[in-house]
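# Coordinate analysis (summary)
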Amino acid sequence: MGHRLAESSSLYLRSHAENPVDWYPWGAEAFAEARRRDVPVFVSIGYAACHWCHVMARESFADPALAETLNERFVAIKVDREEHPDVDDTYMAATQAMTGQGGWPMSVFTLPDARVFHAGTYFPPRRVGQVPSFAEVLDAVHAAWTERRAEVETSAGKIAESLGIQRRQQAGLATMVHTQDDDGVPGAHATMEPAELDGLVAAALAVLSEQEDLVHGGFGSAPKFPPSPLLGFLLEESAWDPGSVAAGMALRTLETLGRSALFDQVEGGFARYATDLAWALPHFEKMLCDNAQLIGHYARLSVHPAADATQRARAERQARLSLDWLTERMLLPDSGLLASSLDADTVDAHGRHAEGAAYLFSDAELLDAAGAAGLGEEQGQQLVALNRGVPADEQAITQGAPLDITAQTPRTLHFDEPLTRAQTQLWEQVAPELRRRRALRDQPARDEKVVAAWNAQAISSMATAAALWDDSALLGRAEALAEQLWRTHVTLEPASDTSDDAGRARVRRISYAGVPVAELGGLADHAHLAVACFQLGSAGADAAWVRRGAAVLRQILQNFVRRTDGEIQLLESPDTTGLLAAAQQGPLFATPLDGPEPSSVAALAQALQMAEALELLGAEDLRPGLILQHVKLAASKAPTVIGASLLVARRAGRRSPALRFLAGTAEDLAQVRRAGALHGVPVEPVAVEAVGTETPLRLSVCLNSVGTMICLPPVGSVDQALAALDG
């Protein structure tokens, strides 16, 4: 029945090919069939590593009776959200607006023109309290379609109109009218003044202090996601002021995450999110998008002035272990790029799914592994006593039910308190034995889809870590990964004047086995790649990366930015027509609000700000301050969703500085790059002749925001250079 999915490049779609549901992939064909049959469309959206997607597939989509109902009354579409983030974003907005919540699997019912009239997430096979069964939902939707068609169509029209208004209003928060100052300089006053920014940051930190979970770290209630975009801002803010409240929030969150079950204490890498406040029971899927950010954060923490020596050492261990995990588990041998995810579940030889089974250890197993690693009985018991993990029983954990844990109960690896140096040494002695034992188990499947934006974020973090640690080997790995991404995902279009430096670089979002898909990537894919290129150049890689970043940025300015009557509009996708435009009555504008990833607007603002700092923007080009107006509105109301924008606003508020290394030793240059990576200040490409064996350091700070464009007199120390920016 699922022949249309059997040859799909998407692992998620292929996993549904054997369903009795007559699935279509996303596209015009499915909606044309719905029009021909005059039936509504059921759109099911998920991703390969999603545990609850697997559950609904087993419970409902594999059920012949439910499949027959779906096939008779609907056209069914299966969507891989990672391949089609625009589809996911559009229908998630509808689902959240209609139900007050969202998640995956997402279950959406639309008219044959793609407009939504009913939506939800996971539906169980049998009614649970007020949650209807999937069969009940199908019956109710069918009844509405056949008996109250006019009401359904009217409702769909109102929802589409509302979504369009909501999207335009949300997108409009980020931008301002493109004005000129008295000298005719576009956007000269768009950057917020330092005093204004100080007030906005203080207001944001005050709200965050009220929302912080002081016991377990992070913000908000369960389920809890690592606040990765916000952590980047908190780390950078406190690098300038180690005594600020930002430092405490960053340290508490990263420390608790690093000793929790969310972090894989055996192999490295972080799970996507936790079901409980204490981070003791994660959903076990490991996503590249999360780890790409967190690796950079822990690398920063490893040299951070607000952290003590023990905290720095722990952070470097966690970052390096996760980098090793990227290489060992996520690097694809056929393409040299990083896979998108590892599944939450493992599947045994009999086809049975078990969530997190690869990661759980009983006390008895820990004790036995300790003995095999050469530890004595007393040391083994010490290790067992350290673990405060829980069984993979989400229902019991979330309902606060008593946990019956025996020596034979498999459970997560989770530490309530930081390990001492001696305890860490014990743990590092037994970890190789635990890795060996884990390797003998059934392993979670890997989704070998390559996502450009996520690989680019990993490259940025690797380049940042290389600069922080003066690690040339790691920089080489970052550059090799970037080269593969560029070769596979980027098409360079020369400018009409045939100048190589004036071309535009088009980025494909997805590839499989080194072959890119046809669709052009979105704003996030382009913006994150531009940032990665600039980060590589700043860390000391080939200066050609800076030119490549500029080529990607030119593509963004050409195809993702619209100016109408002086107004700036940012597009999430350059495709402004088609099914999604109908679903929300207009183009998909870019959102300024972060989720688990930085918003595409913040990513573009960072690319623009780094380009500004490196003197790559022309007089008429878009400036970062013009698309950061939402910071003024959200800083005191919703700071958790603008962390990435706050970071860029702070950099722009310092007048987009760059460090110019004029002369000095190799050790001096390493120190400059470390300071630049820690404080978010790019280092300009360095001439070979500027580096000598006994040459005194001469370092200048260049200020490059609109109307500034000045290099300060050279100084002889990094501290002096930074002091000129922090005043």
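Refer to the structure presented above.
Residues numbered from 1 in each chain as written. Predicted model: local features only at pLDDT ≥ 70, side-chain atom pairs only at ≥ 80, totals over all residues. Heavy atoms only, no water.

### Some points on the overall build of the chain
Secondary structure summary: the chain contains 27 helices and 22 strands in total. Since a compact globule built from 727 residues should have a radius of gyration of about 27 Å, the 26 Å found for the chain is in line with a globular shape. The principal-axis extents of the C-alpha atoms in the chain amount to approximately 80 × 75 × 50 Å. Evaluated residue by residue, the chain yields a buried proportion of 58% over its 727 residues. Residue pairs in contact within the chain that sit at least 24 positions apart in sequence constitute 70% of those at least 6 positions apart. (Helix = DSSP H or I, 4+ residues; strand = E, 2+ residues; numbered from the N terminus. Rg over C-alpha atoms; globule rule 2.2 N^0.38 Å. Buried < 20%, exposed > 50% of the residue type's maximum accessible area, 1.4 Å probe, protein only. Contact = heavy atoms within 4.5 Å.)

### Here's the deal with helix H11 (residues 245-259)
In this model, H11 (15 residues) spans 22 Å end to end at C-alpha, consistent with the 21 Å of a helix rising 1.5 Å per residue. The element H11 is extensively covered by neighbouring structure, given that 13 of its 15 residues are classed as buried. (Expected span 1.5 Å × (residues − 1).)

### Describing the environment of Ala171
By the element assignment, Ala171 lies in helix H8 (residues 149-172). On a C-alpha basis, the gap between Ala171 and Pro592 in space is 6.5 Å, while along the polypeptide they are 421 residues apart. The residues contacting Ala171, other than those within four sequence positions of it, are Phe589, Ala590 and Pro592.

### Details of the pattern of salt bridges
By the definition in use, this model includes 45 salt bridges. Notably, a salt bridge pairs Arg252 with Glu212, separated by 2.8 Å at the nearest N-O pair. With Arg252 in helix H11 and Glu212 in the loop between helix H9 (194-211) and helix H10 (228-240), this pair connects stretches of sequence that are 40 residues apart. Residue Arg252 is classed as partly exposed on the basis of its relative accessible area of 35%. Of the charged contacts, one joins Arg509 and Asp525 as a salt bridge, the two residues approaching to 2.9 Å between their closest N and O atoms. Taken as a pair, Arg509 in the loop between strand S15 (504-507) and strand S16 (510-512) and Asp525 in helix H20 (residues 523-539) lie far apart in primary sequence, 16 residues in all. (Salt bridge = Lys/Arg side-chain N within 4 Å of Asp/Glu carboxyl O.)

### A word on the pairing of strand S2 (residues 41-46)
Among the 6 residues of S2, 6 are classified as buried, and the element is accordingly described as predominantly covered. Residues Val41, Val43 and Ile45 line one face of S2 and the alternating positions Phe42, Ser44 and Gly46 line the opposite face, and both faces are buried.

### Examining the state of the cysteines
Tallied over the entire structure, the rule returns 2 disulfides. Disulfide pairing places Cys702 opposite Cys711 at an S-S distance of 2.0 Å. Residues Cys702 and Cys711 share a disulfide whose torsion about the S-S bond is about 100 degrees; that sign makes it right-handed. Classification of Cys711 as partly exposed rests on a relative accessible area of 35%. The thiol of Cys289 is not disulfide-bonded; the next cysteine sulfur, from Cys50, is found 13 Å away. Its relative accessible area of 1% is what places Cys289 among the buried residues. (Disulfide = S-S within 2.5 Å.)

### Regarding the sheet that holds strand S3 (residues 75-80)
Pairing in this open sheet of 5 strands is mixed, and the strands run S1-S3-S2-S4-S5 from one edge to the other. The strands lining the two open edges of the sheet, one partner per strand, are strand S1 (23-25) and strand S5 (116-120). For this sheet, the mean angle separating the axes of adjacent strands, direction not counted, is 25 degrees. Of the pairings in the sheet, the one linking S2 to strand S4 (residues 106-110) comprises 5 bridges and is antiparallel in character. Each bridged residue has a counterpart across the sheet, and for Ser44 the counterpart in S4 is Ser107. The strands touched by helix H6 (residues 85-99) within the sheet are S2, S3, S4 and S5, with S5 carrying the most contacts at an inclination of about 80 degrees. (Pairing = 2+ DSSP bridges. Axes fitted to C-alpha atoms, helices over the stretch in contact; angles between N-to-C directions.)

### Regarding helix H26 (residues 666-679)
With 14 residues, H26 extends 20 Å from end C-alpha to end C-alpha; this agrees with the ideal 20 Å at 1.5 Å per step. Within H26, 10 of the 14 residues are buried, leaving the element largely enclosed by the surrounding structure. Positive phi appears at Gly680, one or two residues downstream of H26, with a value of about 75 degrees.

### Concerning the side chain of Asp345
Within the element layout of this structure, Asp345 appears in strand S10 (residues 345-347). Side chain to side chain, Asp345 and His353 meet in a polar contact 3.3 Å long. The residues touching Asp345, leaving out its near neighbours within four places in the chain, are His51, His54, Arg58, His353, Ala354, Glu355, Gly356, Pro444 and Ala445. (Polar contact = N/O pair within 3.5 Å; in protein donor to acceptor, adjacent residues only side chain to side chain.)

### Describing the packing of aromatic side chains
Per the stated rule, a full pass over the model turns up 19 aromatic pairs. Note on Trp26 and Tyr91: the rings are 6.1 Å apart at their centroids and 70 degrees apart in plane angle, and the pair reads as edge-to-face. With Trp26 in the loop between S1 and helix H3 (28-37) and Tyr91 in helix H6, the pair connects residues that are 65 residues apart, well separated along the chain. Seen from their ring centres, Phe263 and Phe270 are 4.9 Å apart, and the 45 degrees between their planes marks the pair as tilted. Take Phe263 and Phe270: they sit in the same class, and that class is buried. Among the aromatic residues, ring-to-ring pairing joins Trp23, Phe42, Phe61, Phe74, Phe109, Phe123 and Phe134 into one connected group. Its guanidinium or amino end placed over the ring of Trp469, Arg320 lies 3.9 Å from that ring's centre, counting from NZ or CZ. (Phe/Tyr/Trp six-rings, centres within 6.5 Å; stacked < 30°, edge-to-face > 60°. Lys NZ or Arg CZ within 6 Å of the ring centre and 35° of its normal.)

### Quick look at the sheet that holds strand S9 (residues 341-342)
What the 3 strands build is an open sheet, ordered S8-S9-S12; its pairing is antiparallel. A single partner strand is all that each edge strand has here, and the edge strands are strand S8 (286-287) and strand S12 (446-447). Pairing of S8 with S9, which is carried by 2 bridges, proceeds in the antiparallel orientation. Directly across from Lys286, in S9, lies its bridge partner Leu342.

### Things to note about unusual backbone geometry
Cis geometry marks the peptide bond from Trp104 to Pro105, where omega comes out at 5 degrees. A cis geometry characterises the amide bond from Ala222 onward to Pro223, with omega recorded as -5 degrees. Relative to the helices and strands, Pro223 is located in the loop between H9 and H10. Backbone geometry at Glu615 places phi at a positive 60 degrees, although glycine is not the residue there. Secondary-structure assignment places Glu615 in the loop between helix H23 (600-613) and helix H24 (630-634).

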